Amino acid sequence: MARKLAVIGAGLMGAGIAQVSAQAGWDVVLRDVTDEALRRGTDGIKASYDKFVGKGKLAAEDAEAALARITATTDLDAVADADIVVEAVFEKLEIKHEIFRTLDKLVREDTVLASNTSAIPITKIAAATERPERVVGVHFFSPVPMMRLVELVRGYKTSDEALAIAREFAESVGKTCVVVNRDVAGFVTTRLITALVVEATKLYESGVATAEDIDLACKLGFGHAMGPLATADLTGVDILLHAAGNIYTETQDEKFAPPELMRRMVDAGDIGRKSGQGFYKH
């Protein structure tokens, strides 16, 4: 199998995808628009490798070799000879359209174009290209080095071949795949967690139970590793609000309508762990 990967976006997700891929032997081009973003991304990758080395889970020479396989650049033309491109930028259709339109002209005809989106229909993203059959959803989970799941999403025109290449890539970097055969907004996992977070927020907002007790009920009653409100804090209340809004806009299904409390928390900047305050104080 060909082994050249390009990742667009060096944020938490993009850097994580680059990290696991380089560790698995892929040559990776990591592209972002600023040197500062690239520096943050590559520093994060190095720190993560160092942590694995410190715990004895990765040999120092393997970490060094993996790091050497990553080329960071602001030049989008550098992705031209990639076998697969994974886009991992902000969840805004206009931004993704711009990237996919450009990629469509840059890469080879047989290149698979993948999006790490968690909520935007792949068909909408693929529509910006002349090759919708080569566009597929490859949804990794955060933190990428630790989370074993990848959600593969078939757009309306995604070919069996493109899906198979995406699966081979995801499995080659140590992930287990689930396949979403119908391109619904939010796919499987984002729909499930969003519905749970929205309902948990409503219960908390209306004083039915405390955040701690709602989360404890899910952990002890359902065997969840983490409760929905703690998950919202970890993921970012802003991210989940955005996902809920996307799914609600697409489906008009009331169970995805974002609660007022989530909107106010985002307005106030209480978006979870990254701000020090969400449903919990961090």
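This text goes with the structure placed above it.
Since the model is a prediction, treat every value here as computed from it, not as a measurement. Starting afresh in each chain, residues are numbered from 1 along the sequence in its written order. Totals for whole chains, interfaces and linings use every residue, but because this is a predicted model, local features are given only for residues with pLDDT of at least 70 and side-chain atom pairs only at 80 or more, for both listing and counting. Each side-chain value is worked out from all heavy atoms of the structure, with water and hydrogens disregarded.

**Student:** Any chance you could explain the environment of Val85 here in plain terms?
**Tutor:** Helix and strand assignments follow DSSP, with helices taken as H or I runs no shorter than four residues and strands as E runs no shorter than two, numbered in order from the N terminus. Mapped onto the secondary structure, Val85 falls in strand β4 (residues 84-87). Type-normalised accessible area, obtained with a 1.4 Å probe on protein chains alone, sets the label of each residue: buried when under 20%, exposed when over 50%, and partly exposed for intermediate values. The exposure class assigned to Val85 is buried, which follows from its relative accessible area of 1%. As a C-alpha pair, Val85 and Phe100 span 15 residues in sequence and 9.9 Å in three-dimensional space.

**Student:** Would you explain the side chain of Thr189 in this entry?
**Tutor:** Along the chain, Thr189 turns up in helix α7 (residues 189-205). Apart from residues no more than four positions distant in its own chain, Thr189 is found in contact with His139, Phe141, Leu149 and Glu151. Whether two residues touch is decided by their heavy atoms; if any such pair falls within 4.5 Å, the residues are in contact.

**Student:** Teacher, can you tell me more about the pattern of salt bridges here?
**Tutor:** When their charged atoms lie close together, side chains carrying opposite charge are able to pair. The salt bridge criterion pairs a side-chain nitrogen of Lys or Arg with a carboxyl oxygen of Asp or Glu, the two atoms within 4 Å. Counted by the stated rule, this structure contains 17 salt bridges. Here Arg108 makes a salt bridge to Asp83, at a shortest N to O gap of 2.7 Å. In this pair, Arg108 sits in the loop between α4 (93-106) and β5 (112-115) while Asp83 sits in the loop between β3 (70-73) and β4, placing the two residues 25 residues apart along the sequence. Asp83 sits in the buried class, given a relative accessible area of 18%.

**Student:** I would appreciate a short explanation of the packing of α7 against helix α11 (residues 260-268) in the present structure.
**Tutor:** Two numbers describe a pair of packed helices, the interaxial angle and the distance between the axes. Angular values range over 0 to 180 degrees, each being the angle between N-to-C directions of two axes fitted as lines to C-alpha atoms, with helices fitted over their stretch in contact. Taken N-terminus to C-terminus, the directions of α7 and α11 make an angle of 90°; their axes are 8 Å apart at the nearest point. Considered as vectors, α7 and α11 are oriented roughly perpendicular to each other. Across the interface between the two elements, Val197, Thr201, Tyr204 and Glu205 from α7 touch Glu260, Leu261 and Met262 from α11. Taken together, the residues of the contact of α7 with α11 break down into 4 nonpolar, 1 polar and 2 charged. Each angle gets one of four labels, with under 35 degrees taken as roughly parallel, over 145 as roughly antiparallel, 65 to 115 as roughly perpendicular, and the rest as oblique. Basically, the charged four are Asp, Glu, Lys and Arg, the nonpolar ten are Ala, Val, Leu, Ile, Met, Phe, Trp, Tyr, Cys and Pro, and anything else, Gly included, counts as polar.

**Student:** Quick question: what am I supposed to make of the packing of helix α8 (residues 211-222) against helix α9 (residues 228-235) here?
**Tutor:** Remark: α8 packs on α9, axes separated minimally by 7 Å, with the N-to-C direction vectors making an angle of 105°. Looking at the two axes, α8 sits roughly perpendicular to α9. Residues Ala211, Ile214, Asp215 and Cys218 of α8 form the contact with α9, whose own contacting residues are Pro228, Leu229 and Ala230. Here the contact of α8 with α9 is composed, by residue class, of 6 nonpolar, no polar and 1 charged.

**Student:** Which parts of the structure should I look at to understand the pairing of strand β8 (residues 176-180)?
**Tutor:** Each regular strand carries side chains that alternate between the two faces of the sheet. In short, DSSP must find at least two bridges between two strands for them to pair. Looking at chain direction, strand β7 (residues 149-154) and β8 are connected through 5 bridges and run parallel. Bridging from a neighbouring strand, Leu152 pairs with Val179 of β8. By convention, orient the strands away from the viewer: a clockwise path from the first strand over the helix to the second makes the crossover right-handed. In this view, the connection linking β7 to its parallel neighbour β8 by way of helix α6 (residues 160-172) has right-handed handedness.

**Student:** Quick question: what am I supposed to make of the side chain of Asp215 here?
**Tutor:** Among the structural elements, Asp215 can be located in helix α8. Under this rule, positive means Lys or Arg and negative means Asp or Glu; His and the chain ends count for nothing. Among buried charged residues, Asp215 stands out as having no salt bridge; its nearest opposite-charge side chain is Lys219, 7.5 Å away. When neighbours within four sequence positions are excluded, Asp215 is seen to be in contact with Gly227, Pro228, Leu229, Ala230 and Tyr280.

**Student:** In this structure, what is going on with the sheet that holds β7? I would like to understand it.
**Tutor:** Across a sheet, paired strands are connected by hydrogen bonds in the backbone, their directions being either parallel or antiparallel. Pairing is mixed across the open sheet formed by 8 strands, whose spatial order is β3-β2-β1-β4-β5-β6-β7-β8. Strands with a single pairing partner mark the edges of an open sheet, and in this sheet they are β3 and β8. Strand-to-strand twist of the sheet, defined as the mean angle between neighbouring strand axes without regard to direction, takes the value 25°. Sheet topology places strand β2 (residues 27-31) next to β3; 4 bridges connect them, and they run parallel. Within β3, the position partnered with Val28 by the bridge is Ile70. On top of the sheet, helix α1 (residues 12-23) reaches β1 (4-8), β2, β3, β4 and β6 (135-140); it is set at about 165° to β2, its chief contact. Contacting β2 and β3, helix α2 (residues 35-54) runs over the sheet at an angle of about 160° to β3.

**Student:** So what exactly am I meant to see when it comes to the environment of Leu76 here?
**Tutor:** By the element assignment, Leu76 lies in the loop between β3 and β4. Using a relative accessible area of 14% as the deciding quantity, one classes Leu76 as buried. Apart from the residues lying within four places of it in its own chain, the contact partners of Leu76 are Ile8, Arg31, Thr102, Leu103 and Leu106.

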